[in-house]
2 protein chains.
Amino acid sequence: MAGGEAKKPNAGGKKKEVKKETGLGLTNKKDENFGEWYSEVVVNGEMIEYYDISGCYILRPWTMSIWETMQEFFDAEIKKMKVKNCYFPLFVSSTVLEKEKDHIEGFAPEVAWVTRSGKSELEVPVAIRPTSETVMYPYYSKWIRGHRDLPLRLNQWCNVVRWEFSNPTPFIRSREFLWQEGHTAFATKDEADEEVLQILELYRRIYEEFLAIPVIKGKKSELEKFAGGLYTTSVEAYIPNTGRGVQGATSHCLGQNFAKMFEISFENEKGEKAMVWQNSWAYSTRTIGVMVMVHGDDKGLVLPPKVASVQVIVVPVPYKDANTQGIFDACTETVNTLSEAGIRAEADFRDNYSPGWKYSHWEMKGVPLRIEIGPKDLANNQVRAVRRDNSAKVDIPRASLVEQVKELLGNIQQNLFDVAKQKRDACVEIVKTWEEFIAALGKKKLILAPWCDEEEVEKDVKARTKGEMGAAKTLCSPFDQPELPEGTLCFASGKAAKKWTYWGRSY
Amino acid sequence: MAGGEAKKPNAGGKKKEVKKETGLGLTNKKDENFGEWYSEVVVNGEMIEYYDISGCYILRPWTMSIWETMQEFFDAEIKKMKVKNCYFPLFVSSTVLEKEKDHIEGFAPEVAWVTRSGKSELEVPVAIRPTSETVMYPYYSKWIRGHRDLPLRLNQWCNVVRWEFSNPTPFIRSREFLWQEGHTAFATKDEADEEVLQILELYRRIYEEFLAIPVIKGKKSELEKFAGGLYTTSVEAYIPNTGRGVQGATSHCLGQNFAKMFEISFENEKGEKAMVWQNSWAYSTRTIGVMVMVHGDDKGLVLPPKVASVQVIVVPVPYKDANTQGIFDACTETVNTLSEAGIRAEADFRDNYSPGWKYSHWEMKGVPLRIEIGPKDLANNQVRAVRRDNSAKVDIPRASLVEQVKELLGNIQQNLFDVAKQKRDACVEIVKTWEEFIAALGKKKLILAPWCDEEEVEKDVKARTKGEMGAAKTLCSPFDQPELPEGTLCFASGKAAKKWTYWGRSY
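Sequence positions are assigned chain by chain, starting from 1 and proceeding in written order. For this description, chains carry letters from A and ligands carry numbers from 1, given in the order in which they are written. The predicted nature of this model means local features are confined to residues of pLDDT at least 70 and side-chain atom pairs, given and counted, to a pLDDT of 80 or more, with totals for whole chains, interfaces and linings taken over all residues. Think of the side-chain values as coming from all heavy atoms in the structure, minus any hydrogens and water.

Novice: It is not clear to me how the packing of aromatic side chains should be interpreted in this structure. Could you clarify?
Specialist: All names here are of chain B. A pair of aromatic rings is counted whenever rings of Phe, Tyr or Trp (Trp by its six-membered ring) have centres within 6.5 Å, and the orientation is called stacked for planes under 30 degrees apart, edge-to-face for over 60 and tilted otherwise. A complete count under the given rule lists 62 aromatic pairs over all chains for this structure. Ring centres 5.4 Å apart and planes at 55 degrees place the aromatic pair Trp67 and Tyr283 in the tilted group. Separated by 216 residues along the polypeptide, Trp67 in helix α2 (residues 61-80) and Tyr283 in strand β14 (residues 277-284) bring together distant segments of the chain. The ring of Tyr507 has Arg244 sitting right over it, with the charged end atom 6.0 Å from the ring centre. The residue whose ring lies beneath Lys365 is Trp62, and the NZ or CZ to ring-centre distance is 4.2 Å. Helix numbers and strand numbers start at the N terminus; a helix is a DSSP run of H or I with at least 4 residues, a strand a run of E with at least 2. Any Lys NZ or Arg CZ that is within 6 Å of a ring centre and within 35 degrees of that ring's normal is treated as a charge sitting over the ring.

Novice: Would you explain the domain arrangement of chain A in this entry?
Specialist: Many structure descriptions define interface size as the accessible area lost when the parts assemble. Residue and element names in this part refer to chain A. Source of the domain bounds: an automatic or database domain assignment. We note that the domain assignment places domain 1 (34-295), domain 2 (312-413) and domain 3 (428-505) within chain A. Of note, the centres of domain 1 and domain 2, computed from C-alpha atoms alone, are 40 Å apart. The term buried area means the drop in 1.4 Å probe accessible area that two parts suffer when joined, counted for both and summed. For the pair domain 1 and domain 2, the two sides together bury roughly 590 Å², of which 52% comes from carbon and sulfur. By the criterion of area lost to domain 2, the three top residues of domain 1 are Asn44, Glu46 and Trp62, representing 59% of everything that side buries. Salt bridges are defined as contacts in which a side-chain nitrogen from Lys or Arg sits within 4 Å of a carboxyl oxygen from Asp or Glu. At the boundary of domain 1 with domain 2, the tally comes to one salt bridge. Here Lys365 and Glu46 are joined by a salt bridge, their closest N and O atoms 2.4 Å apart. Under this definition, polar contacts are N or O atom pairs within 3.5 Å; protein pairs additionally need one hydrogen-donor-capable and one acceptor-capable atom, and for neighbouring residues in sequence, both atoms have to be side-chain atoms. At the junction of domain 1 with domain 2, the criterion picks out four residue pairs in polar contact (both at pLDDT 80 or more). For this scheme, ten residues count as nonpolar: Ala, Val, Leu, Ile, Met, Phe, Trp, Tyr, Cys and Pro. Four count as charged, namely Asp, Glu, Lys and Arg, and the remainder, Gly too, count as polar. Classifying every residue of the side of domain 1 that touches domain 2 by side-chain character gives three nonpolar, two polar and two charged.

Novice: I'm lost on the relation of the copies chain A and chain B in this one. Help?
Specialist: There are two copies of the chain, and a rotation about an axis plus a shift along that axis relates them. Turning chain A through 180 degrees and shifting it by 0.0 Å along the axis lays it on chain B, with an RMSD of 0.0 Å. As the rotation angle and translation indicate, the two copies are arranged about a two-fold axis. By C-alpha distance to the rotation axis, the residue of chain A lying nearest is A:Val114, at 2.1 Å. In what follows, a contact means two residues having at least one pair of non-hydrogen atoms within 4.5 Å. In this assembly, 98% of the residues forming the interface of chain A have copies in chain B that are likewise at the interface, indicating an isologous arrangement. Copies are brought into register by a least-squares superposition over C-alpha atoms of residues with pLDDT of at least 70 in both.

Novice: Any chance you could explain the interface of chain A and chain B here in plain terms?
Specialist: Taken together, the contact pairs 56 residues of chain A with 55 residues of chain B. Across the interface of chain A and chain B, roughly 4800 Å² is buried in total on both sides, 58% from carbon and sulfur atoms. Considering only the surface of chain A that becomes buried against chain B, A:Tyr87, A:Phe91 and A:Arg148 emerge as the three largest contributors, covering 13% of it. Taking the shortest distance from any N to any O, the salt bridge between B:Lys79 and A:Glu68 comes out at 2.7 Å. The interface formed by chain A and chain B contains 34 residue pairs in polar contact (both at pLDDT 80 or more). Here the element with the most residues in the side of chain A that touches chain B is strand β5 (residues 112-117) of chain A; it accounts for six residues. For the side of chain A that touches chain B, a count of residues per class yields 35 nonpolar, eight polar and 13 charged. At least two DSSP bridges between two strands are required for those strands to pair. Where β5(A) meets strand β5 (residues 112-117) of chain B, five bridges bridge the pair, whose relative direction is antiparallel. Residue A:Ala112 lies in a different strand from β5(B), and its bridge partner there is B:Ser117.

Novice: I tried to follow the sheet that holds strand β17 (residues 369-373) of chain A on my own but got confused; where do I start?
Specialist: Neighbouring strands of a sheet are bound in pairs by backbone hydrogen bonds; such pairs are parallel or else antiparallel. Residues and elements named next belong to chain A. One open sheet holds the five strands; their spatial order is β16-β15-β17-β18-β19, and the pairing between them is mixed. Edge positions in the open sheet fall to β16 (345-347) and β19 (393-397), since each of these has one partner strand only. The mean inter-strand angle of the sheet, taken between neighbouring strand axes irrespective of direction, is 25 degrees. Where strand β15 (residues 312-316) lies against β17, five bridges are found, and the strand directions are parallel. In the sheet register, Ile313 faces β17, and the bridge partner there is Arg370. Only the stretch in contact is used when a helix axis is fitted, and all axes are lines through C-alpha atoms; the angle between N-to-C directions ranges over 0 to 180 degrees. Here helix α10 (residues 355-364) sits on the sheet and contacts β15 and β17; the angle it forms with β15, its principal contact strand, is near 170 degrees.

Novice: Sorry, what's going on with the pairing of strand β23 (residues 499-506) of chain A here?
Specialist: Where a strand is regular, its side chains alternate between the two sheet faces. Residue and element names in this part refer to chain A. Throughout, exposure labels follow a simple rule: accessible area from a 1.4 Å probe, protein chains only, divided by the maximum for the residue type, with under 20% read as buried, over 50% as exposed, and the rest as partly exposed. Extensive coverage of β23 is indicated by the burial of seven of its eight residues. Pairing of strand β21 (residues 446-451) with β23, which is carried by five bridges, proceeds in the antiparallel orientation. Bridge pairing in β23 links Trp451 to Lys499. Pairing of strand β22 (residues 473-478) with β23, which is carried by three bridges, proceeds in the antiparallel orientation. Bridge pairing in β23 links Lys473 to Gly504.

Novice: Looking at this model, I keep getting lost on the environment of A:Val428. Mind explaining?
Specialist: Residues and elements named next belong to chain A. Take Val428: it is sitting in strand β20 (residues 428-430). Once the C-alpha coordinates of Val428 and Lys444 are considered, the two residues, 16 residues apart in sequence, prove to be 9.5 Å apart. Once you skip the residues sitting within four places of it in the chain, Val428 turns out to touch Leu446 and Tyr502.

Novice: How should I be thinking about the UniProt feature "domain: Aminoacyl-transfer RNA synthetases class-II family profile" (unreviewed entry) in chain A in this particular structure?
Specialist: UniProt positions are given in the numbering used here, feature names are shortened, and annotations may be inferred rather than shown by experiment. Under the local residue numbering, the UniProt record ascribes the feature "domain: Aminoacyl-transfer RNA synthetases class-II family profile" (unreviewed entry) to residues 66-304 of chain A. Along residues 66-304 of chain A one finds 31% helix and 33% strand; the C-alpha atoms at either end are 10 Å apart.

Novice: Would you explain the pattern of salt bridges in this entry?
Specialist: Side chains that differ in sign of charge can pair as their charged atoms come close. Across all of its chains, the model carries 70 salt bridges over all chains by this definition. The partner of A:Asp460 in a salt bridge is A:Arg464, and the shortest N-O contact between them spans 3.1 Å. One end of the pair, A:Asp460, and the other, A:Arg464, are both in helix α14 (residues 455-465), four residues apart, so they sit about a helical turn from each other. For A:Arg464, a relative accessible area of 40% corresponds to the partly exposed category. Measuring nitrogen to oxygen at the nearest pair gives 3.2 Å for the salt bridge that ties B:Lys462 to B:Glu224. Taken together, the residues span a long stretch of sequence, with B:Lys462 in helix α14 (residues 455-465) and B:Glu224 in the loop between β9 (216-219) and β10 (231-239) at a distance of 238 residues.

Novice: Honestly, the environment of A:Ala187 in this entry has me stumped. Any pointers?
Specialist: Residues and elements named next belong to chain A. Topologically, Ala187 is positioned in the loop between β8 (176-186) and α6 (189-210). Between the C-alpha atom of Ala187 and that of His361, which follows or precedes it by 174 residues, the distance is 55 Å. Residue contacts for Ala187: discarding those within four places in its chain leaves Leu150, Phe266 and Trp277.

Novice: I keep staring at the nonpolar core and nothing clicks. Help me out?
Specialist: In a soluble, globular protein the nonpolar side chains are often hidden away together inside. A:Phe91, A:Tyr140, B:Phe91 and B:Tyr140 are the most contacted members of the largest nonpolar core, which has 85 residues in total. What B:Phe91 contacts, discounting residues up to four positions off in sequence, is A:Tyr51, A:Ile53, A:Cys56, A:Ile128, A:Val161, A:Trp163, B:Val114, B:Val126, B:Ala127 and B:Ile128. Buried Ala, Val, Leu, Ile, Met, Phe, Trp, Tyr and Cys residues form a nonpolar core when they are joined through side-chain atoms within 4.5 Å.

Novice: I'm lost on the packing of α2(B) against helix α6 (residues 189-210) of chain B in this one. Help?
Specialist: Residues and elements named next belong to chain B. Running from N to C, α2 and α6 cross one another at 150 degrees; their axes reach a closest spacing of 11 Å. With respect to α6, the axis of α2 lies roughly antiparallel. In the crossing of α2 with α6, the sense of the turn from one axis to the other is right-handed. Between α2 and α6, the residues in contact are Thr69, Met70, Phe73, Phe74, Glu77 and Ile78 and Ile199, Leu202, Tyr203, Arg205, Ile206 and Phe210, respectively. A breakdown of the residues in the contact of α2 with α6 according to their chemical character gives nine nonpolar, one polar and two charged. Oblique is the label for any angle not under 35 degrees, not over 145, and not in the 65 to 115 range, which are roughly parallel, roughly antiparallel and roughly perpendicular in turn. Crossings are assigned a handedness: left-handed for a near helix turned anticlockwise from the far helix by less than a right angle, right-handed for a clockwise turn.

Novice: I'm lost on the confidence of the model for chain A in this one. Help?
Specialist: Low-pLDDT stretches of the model should not have their predicted coordinates read in fine detail. Residue and element names in this part refer to chain A. Mean pLDDT over chain A works out to 94, with 95% of the residues at or above the 70 mark. For the stretch residues 1-22, pLDDT sits under 50, and the model shows 23 contacts to residues farther than four places along the chain or on other chains. Two summary scores accompany this predicted model of the complex, namely pTM at 0.94 and ipTM at 0.94. Per-residue confidence from the predictor is reported as pLDDT, which spans 0 to 100.

Novice: I keep staring at the pairing of β14(B) and nothing clicks. Help me out?
Specialist: All names here are of chain B. Most of β14 sits out of view: eight of its eight residues are buried. Residue alternation in β14 divides its side chains into two sets, Trp277, Asn279, Trp281 and Tyr283 and Gln278, Ser280, Ala282 and Ser284, and both sets are buried. As judged from the eight bridges shared by strand β8 (residues 176-186) and β14, these two strands associate in the antiparallel manner. Bridge pairing links Gly182 to Trp281 in β14.

Listed below in structure tokens is the structure:
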């Protein structure tokens, strides 16, 4: 609670409980103690409530409306690709879960087991899905007989559980989270490869077009790929404050590995038996955490207009002797005009808060644009607009309200992306030697280095950088590769480099 | 597998694998062995796949699109009522779960417990939500301080788990199911009472307007109300084949009971401390099972047009020397014309199935309207439309395709409702004595009887009708009460009757 004197309630009569203007701000600063700032901003911005079971969080309406906006976009896009929605059970039996060895090795320590119902022990414990490959694929085997049954493209929106014990963080690392998981089967590898990238492009659009966050498309290393898959592609975001990469979403080609384990074969056009090629792909509520981390500031959340459930908040600013009713009417009319134009606008008419308190409140919640209407605005037939992203103020004649607000919201969306990209790009450091690598890691950089692409070398880098803050690892090898002059050596092993790869600590 | 000779594949050359026209039908008949018929139709209609954990079912795309249609309607309606979506955790700790005694008594035997993660025993086991009252209300207590925080109206779309052991049935009684659960808090009982009925009306519309199923709105008895609530309202459907009622959806007023347990109080406008009034309300994927049971027939599913993901299936019927390409083009054009008019239409161009096989296939899947296009139709610039509900055939000039198809789909929707209502109404029997009651129960009737409304009497009726098929119980006391002449006696106790109540066996 920062200083400043509390307003005293008016004496006598019917007192309005005008709240103190202090006590609303954040006690932590983003650049000083990022972790505490993040916990505070997701709670004070009313996105998250901490729950009495560690690692589980309540997603409040302010969060869900963002999730639903992204869901609407993605669901419509995959339906255009002829993906269909389904719902498979939450539970999976141990025999099925353990069928694919690499896969279960990757997930086993985090699997939650139901062993009891009421007061009775279950005869056989059942696992809660950490992901649904093993839940679904026994049925793919049943449903797929001939080439005409292919492609089979299913998706589900659901919750999954990974009972992790390390560092739970709202949105970013939680024991239960919401996601979509797509699971597809094709007759040929080419079709599977093509879909992997189509989906990855949708994930890029979610980050860049909706959440205004720049991401890097690339391929994961062997060590970091999906357990049991053939190769993994991802979009990688970066949090400048912590210098950590964050895997934004993944689109995996599973190859024929699961097909073999689960006997998913089909008769091809020549009448021969063949194995299907499979993909799986997912993005989760983690997206929202990345958004908070990238755009938030010391005043609270900063929401990109495209995902904000309230894009414009209208605040009346009455003065003692002013025409209060006129101001209120102008606010209502402003909201109506904007709403009719498809802009998500609301007015805050509460009489127990001062305008200043309301400014702080809606700044905390990250509403992209605030419109203030006071006596002067009323007299001039204008409104005052204040941007959340850069605090810029502009007076808008009410006659051109819709166009100017639309333009402003577009500018805010673009500016958030541009600023985030600038900050991210400023953190990229190209290194060629181990010394440079260690120095860059110390400066929390997003490191781009020539690499020999050998699993043992990545393990070695991890071992050599182990420490309190976690080891460095590969984030991805970007599809957009800079030139790699012949003779370039791997920064870590000194062997011939095969590709440029991003390295860093990560979430 | 019914009789009939399989078509032999053409000799020589590139043989097309034209499938047998037999083997597609159902082996069970709805009126002969209803239970087996139901299991068969949900599987063969590709709505459900049985899962390797008993009581869990896979919801296939044919099911999910129906669920999504209802969800879109209901979600938009509750948003108009200012209800907001949220998401609370799947897990609940035992101390919180057990806080409301009546409530936990109702659910305890069915609660699934997670006791282990990976190979480690959890220090404290956690329960999986069977419903979310106890998950949510500790936070309502935190969020609600003053009258300005009310009403608080939240909803979530999620999965819940009730580990029942009796008679799992797809959609109707499963260990995991999908639903929405609304949880609201008000300053006054009047507001809560009003919302209970607003929501119940939405549930009626889902059944009657979307699923074409007549339901009875009413109030549950004390014995049958929600555990821990004040009173429960429901929409009750009825399955003539089994003579069982089925609780379609429930809208509960919880009163102040949970508010007391969870200390959900607020400062009212007079500055006094008061307890909130709460509601909770839910409908689930059970709706879809009721739809299958009511409308399905011996050829398979029958989907009401409003919820069918494919409303019109277009089947080309080429003959040997006919203009096959012309027929195919006409089919494509028909689909395009209908789609542009907002009708969900698809064509089945598969070359390895005969038209007859396709008819059976789409009848099994319940598509409301089939359009056939053969050489004669092509010549006459018409299509032949065949209704799924009553097999009526009509030739439609292509010039008036859209209007006539729209009208037909409207008629089908209405006819399904009318027929279902007629069948249900024919099963209603008014009884006044115990003898009449027992006779009606034996005839699987939906029994309307004058009742004294005493809990002990309902318990007694249950005890006296116990048997293989389950005991009779109250379904609801309809809001629409017939006249109850003074001096009418309770059919069961002989005491003065207080109201008319529906009785029967139920799901």
